[in-house]
Amino acid sequence: MYNTHFFLKPFLLPGGLIFIGLLIAFVLLLKNKIKIVKLVLITLLVFYYLLAIEPISGILANPFKQIICSKINNNEEVEAIVVLAGFPVEGSLWDLDSNALCRIFKGIQVYKDLRGEMPIIFSSGNPYPFFQIEGIENKKKDFIDTVTSFGVLEKDIILEGNSKDTFENCVETKKILNKMYPHVKNHTVVLVTSPLHQLRASAIFKKQGFEIRKVSSRSNADKGSQNVNHITYYDFIPNAETFMQSNNAIYELFGLLYYKITGRISLLSKHSNFNIS
């Protein structure tokens, strides 16, 4: 069952708001409201420009970013590597976007760094209610074959495809680990996801009783100026990647607020970059 927020979410993000603005402008144009149309278009242009330049995008994204690679020893009692792929994982790796690929390959890297001494759970699912994956078993095999080609043992690969969002990633992962380690109350995992997503994902997993070691991937969607003293002329030229980073940052803000309101996360640690009080 999909909640109302799933359908409303795209229209609350910058891309959806710009689409709604253009639709309003088109209706007003049909009614010959030229002055109002000009005002709407100028507003949309300024809105897009601000979100598509590095200084503003950095201000929005940097509070959420957690570019972390926790030091993990082989003798630590970590039960699994959990990769939040952010996209259906039942199929070829090369069908996924760059963000999902970065998370998956980072998870494989962590697995190899730890000498393959624990299972690696690729948790994702299908977030699209009207999209059905045909030939699911064959696509799972394709995914597993590709991952094993990078040195991961097939016996260590677990695909979790029931979840539709980050909270369900956590719940389904907990079910898997409860079966594997029935006598362990608080599971310890290496949590692999993107820098922007790490803050929210960590808060959700901690709320469900997990002990986590954070490892962040990188992708083009996580770019941005980290230091305002290094801003250049080119940072004021709008580009699509920077707009996407702003979009993702606003998405994370809505996600944090939604999960806080629904009680799925606690107050964020004072050591976090961002705090909801």
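Residues numbered from 1 in each chain as written. Predicted model: local features only at pLDDT ≥ 70, side-chain atom pairs only at ≥ 80, totals over all residues. Heavy atoms only, no water.

## Structural notes on the sheet that holds strand β4 (residues 188-193)
Here's step 1: Strand order in the open sheet formed by five strands is β3-β2-β1-β4-β5, with parallel pairing between adjacent strands. A single partner strand is all that each edge strand has here, and the edge strands are β3 (157-160) and β5 (211-216). The average angle at which neighbouring strand axes cross in this sheet is 25°, direction not considered.
Here's step 2: By the bridge criterion, six bridges tie β4 to β5 in an arrangement that is parallel. From the neighbouring strand, Val 192 faces β5, where its bridge partner is Val 215. (Pairing = 2+ DSSP bridges. Helix = DSSP H or I, 4+ residues; strand = E, 2+ residues; numbered from the N terminus. Axes fitted to C-alpha atoms, helices over the stretch in contact; angles between N-to-C directions.)

## Here's the deal with the environment of Pro 10
Here's step 1: By the secondary structure assignment, Pro 10 is in helix α1 (residues 4-12).
Here's step 2: The exposure class assigned to Pro 10 is partly exposed, which follows from its relative accessible area of 43%.
Here's step 3: Residues Pro 10 and Tyr 251, 241 residues apart in the sequence, show an inter-C-alpha distance of 9.3 Å. (Buried < 20%, exposed > 50% of the residue type's maximum accessible area, 1.4 Å probe, protein only.)

## Digging into the pattern of salt bridges
Here's step 1: Going through the model one piece at a time under the given rule, you end up with five salt bridges.
Here's step 2: The partner of Lys 155 in a salt bridge is Asp 156, with the nearest N and O atoms 3.1 Å apart.
Here's step 3: The salt bridge partner of Lys 175 is Glu 172, with a shortest N-O separation of 3.4 Å. Taken together, the residues span about one helical turn, with Lys 175 and Glu 172 both in helix α7 (residues 166-180) at a distance of three residues.
Here's step 4: Note on Glu 172: relative accessible area 16%, which makes it buried. (Salt bridge = Lys/Arg side-chain N within 4 Å of Asp/Glu carboxyl O.)

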